[in-house]
Amino acid sequence: MEHVNTLEGKIAFITGASRGIGAAVARQLSAAGVSVGLASRSGDDLGLPDAIGVQCNVADAAQVDAAVAATVERFGQLDILVANAGVGAYGPFLEISPEHVDEMIDVNLKGTIYAVRAALPYLLKSAAADVVTLASEAGRRGFPGEAVYCASKFGQVGLTRALDGELRERGVRCTNVCPGGVATDFALDDGRGRNPEVLPGMMTADDVADVVLFVLTRSRNHRILETALRPMSEASWG
Ligand SMILES: NC(=O)c1ccc[n+]([C@@H]2O[C@H](COP(=O)([O-])OP(=O)(O)OC[C@H]3O[C@@H](n4cnc5c(N)ncnc54)[C@H](OP(=O)(O)O)[C@@H]3O)[C@@H](O)[C@H]2O)c1
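Predicted, not measured: the structure shown is a model, and the values here were computed from it.

Caption draft 1: Looking closely at the packing of helix H1 (residues 20-31) against helix H5 (residues 205-216). Between H1 and H5, the least distance of the axes is 8 Å, while the angle of their chain directions is 50°. Classed by the angle they form, the pair H1 and H5 counts as oblique. As for how H1 packs across H5, the hand of that crossing is right-handed. Two secondary-structure elements touch here, H1 through Gly20, Ile21, Ala24, Val25, Gln28 and Leu29 and H5 through Ala205, Asp206, Val208, Ala209, Asp210, Val212, Leu213 and Leu216. Looking at side-chain class alone, the contact of H1 with H5 contains 10 nonpolar, 2 polar and 2 charged residues.

Here's what the structure looks like:
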């Protein structure tokens, strides 16, 4: 299609790229000819060509700086940031442990801030830069049993909207991608509160990656501020 921008030759840094949505985005970007810096605590490179896997806890600003620097050192530049790393713990508000509170704010919110901080100096040198934040439907509405997770996701949405205001005139497009339920490993560990029985009705990680690639391939004369997508098993109001 004429209006669709090619991604061939671009360089992307993706956080939380070892599994789930981040890995699906990494595979689809790689298939589109993008070189990828893949950050996660495990540092998995997914066996992709033109990929560097970097061990990085996004809750630690210095580690994020180093992971972005390693990507730029390997590929020479940065055009795309996908701030995706995230964790969740669900349950009644008073039952969320202080450790899970810290983790959700540190990884989801501060981790996104740190990723933009680290990537932006390079993105500003790109002729066509994008920041895509993997927020959530939980960043657009309040869900019972998800208060702290929602707080972290509303924070990401607010951050990305504000960055759009600051960066549009400098050529950096900023987009919130806000999915409902996606069938991944997310929040399935003991004590994190997601019931695995809900997974079959949910979207796939590739459904979300399709949307990320749609956002990234739009003509440079506009940007998509926010996309919300939900599985057919979820109502739009609940
Ligand atoms: N699944 C859903 O229903 C859903 C819905 C809406 C939005 N989201 C959002 O989408 C994003 C991805 O979720 P997912 O479903 O793909 O989750 P996932 O399958 O659990 O994958 C999470 C990814 O983040 C990485 N990660 C976790 N903590 C990290 C840290 N401290 N530093 C660096 N990397 C870290 C994990 O790798 P390591 O373990 O190797 O570090 C993994 O690659 C999250 O922001 C989530 O909030 C998910």
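Caption draft 2: Spotlight on the site of the ligand. Around the ligand there are 30 residues in total, and Ser18, Arg19, Arg41, Tyr149 and Thr184 lie nearest to it. The side chain of Ser18 places a nitrogen or oxygen atom 2.7 Å from an oxygen atom of the ligand. The side chain of Arg194 places a nitrogen or oxygen atom 2.9 Å from an oxygen atom of the ligand. In the complex, the protein chains occlude 96% of the 890 Å² of accessible area that the ligand would expose alone. Within the residue set of the shell around the ligand, elements represented by two or more residues are H1 and helix H4 (147-167). Along the lines of polarity and charge, the residues of the shell around the ligand split into 13 nonpolar, 12 polar and 5 charged.

Caption draft 3: Local environment of H5. Its 12 residues give H5 an end-to-end C-alpha distance of 17 Å, which sits within 8% of 16 Å, the value for a rise of 1.5 Å per residue. Buried within H5 we find Ala205, Val208, Ala209, Val211, Val212, Leu213, Val215 and Leu216. Buried residues along H5 sit against H1, strand E4 (80-83), strand E5 (129-134), strand E6 (172-179) and strand E7 (226-229).

Caption draft 4: A look at the packing of aromatic side chains. Under the defined criterion, the tally for this structure stands at 3 aromatic pairs. Centre to centre, the rings of Tyr90 and Tyr149 are 5.7 Å apart; their planes meet at 80°, and the pair counts as edge-to-face. Taken together, the residues Tyr90 in the loop between E4 and helix H3 (98-123) and Tyr149 in helix H4 connect sequence positions 59 residues apart. In this structure Tyr90 comes out as buried when scored by relative accessible area, which is 16%. The structure contains a cluster of three or more aromatic residues connected by ring pairs, namely Tyr90, Tyr149 and Phe186. Above the plane of the ring of Phe214 lies Arg218, whose end atom (NZ or CZ) is 3.8 Å from the centre.

Caption draft 5: How the structure looks around the pattern of salt bridges. By the definition in use, this model includes 13 salt bridges. In this structure, Arg223 and Asp164 form a salt bridge, with 2.7 Å as the shortest nitrogen-oxygen distance. Of the two residues, Arg223 sits in the loop between H5 and E7 while Asp164 sits in helix H4, which places them 59 residues apart along the sequence. Among the salt bridges present, the one from Arg230 reaches Glu234, with a minimum N-O distance of 3.0 Å. Since its relative accessible area comes to 23%, Glu234 is described here as partly exposed. What emerges from the salt-bridge pattern is a single network uniting Glu137, Arg140, Arg141, Arg161, Glu226, Arg230 and Glu234.

Caption draft 6: How the structure looks around the environment of Val198. Tracing the chain through its elements places Val198 in the loop between E6 and H5. Given the relative accessible area of 40%, Val198 is considered partly exposed. As for Val198 and Ser233, which are separated by 35 residues in sequence, their C-alpha atoms are 9.3 Å apart.

Caption draft 7: How the structure looks around the environment of Glu166. Here Glu166 is to be found in helix H4. Note on Glu166: relative accessible area 60%, which makes it exposed. Between the C-alpha atom of Glu166 and that of Ala12, which follows or precedes it by 154 residues, the distance is 21 Å.

Caption draft 8: Quick look at the sheet that holds E4. One open sheet accounts for 7 strands, arranged E3-E2-E1-E4-E5-E6-E7; its pairing is parallel. With one partner strand each, in any of the chains shown, strand E3 (51-55) and E7 form the two edges of the open sheet. With strand direction ignored, the average angle separating the axes of adjacent strands in the sheet is 15°. Here E5 pairs with E6 via 6 bridges, running parallel. Across the sheet, Thr133 pairs through a bridge with Asn176, a residue of E6. Packing against the sheet, helix H2 (residues 61-75) makes contact with strand E1 (11-15), strand E2 (35-40) and E3, and its axis sits at approximately 160° to E3. Strands E4, E5, E6 and E7 of the sheet are contacted by H5, whose axis makes an angle of about 160° with E6.

Scoring rules and cut-offs
Residues numbered from 1 in each chain as written. Predicted model: local features only at pLDDT ≥ 70, side-chain atom pairs only at ≥ 80, totals over all residues. Heavy atoms only, no water. Axes fitted to C-alpha atoms, helices over the stretch in contact; angles between N-to-C directions. Helix = DSSP H or I, 4+ residues; strand = E, 2+ residues; numbered from the N terminus. Parallel < 35°, antiparallel > 145°, perpendicular 65-115°, else oblique. Left-handed = near helix turned anticlockwise from the far one by under 90°. Contact = heavy atoms within 4.5 Å. Nonpolar A, V, L, I, M, F, W, Y, C, P; charged D, E, K, R; others polar. Near = heavy atom within 4 Å. Polar contact = N/O pair within 3.5 Å; in protein donor to acceptor, adjacent residues only side chain to side chain. Areas by Shrake-Rupley, 256 points an atom, 1.4 Å probe, with all protein chains shown as cover. Expected span 1.5 Å × (residues − 1). Buried < 20%, exposed > 50% of the residue type's maximum accessible area, 1.4 Å probe, protein only. Phe/Tyr/Trp six-rings, centres within 6.5 Å; stacked < 30°, edge-to-face > 60°. Lys NZ or Arg CZ within 6 Å of the ring centre and 35° of its normal. Salt bridge = Lys/Arg side-chain N within 4 Å of Asp/Glu carboxyl O. Pairing = 2+ DSSP bridges.

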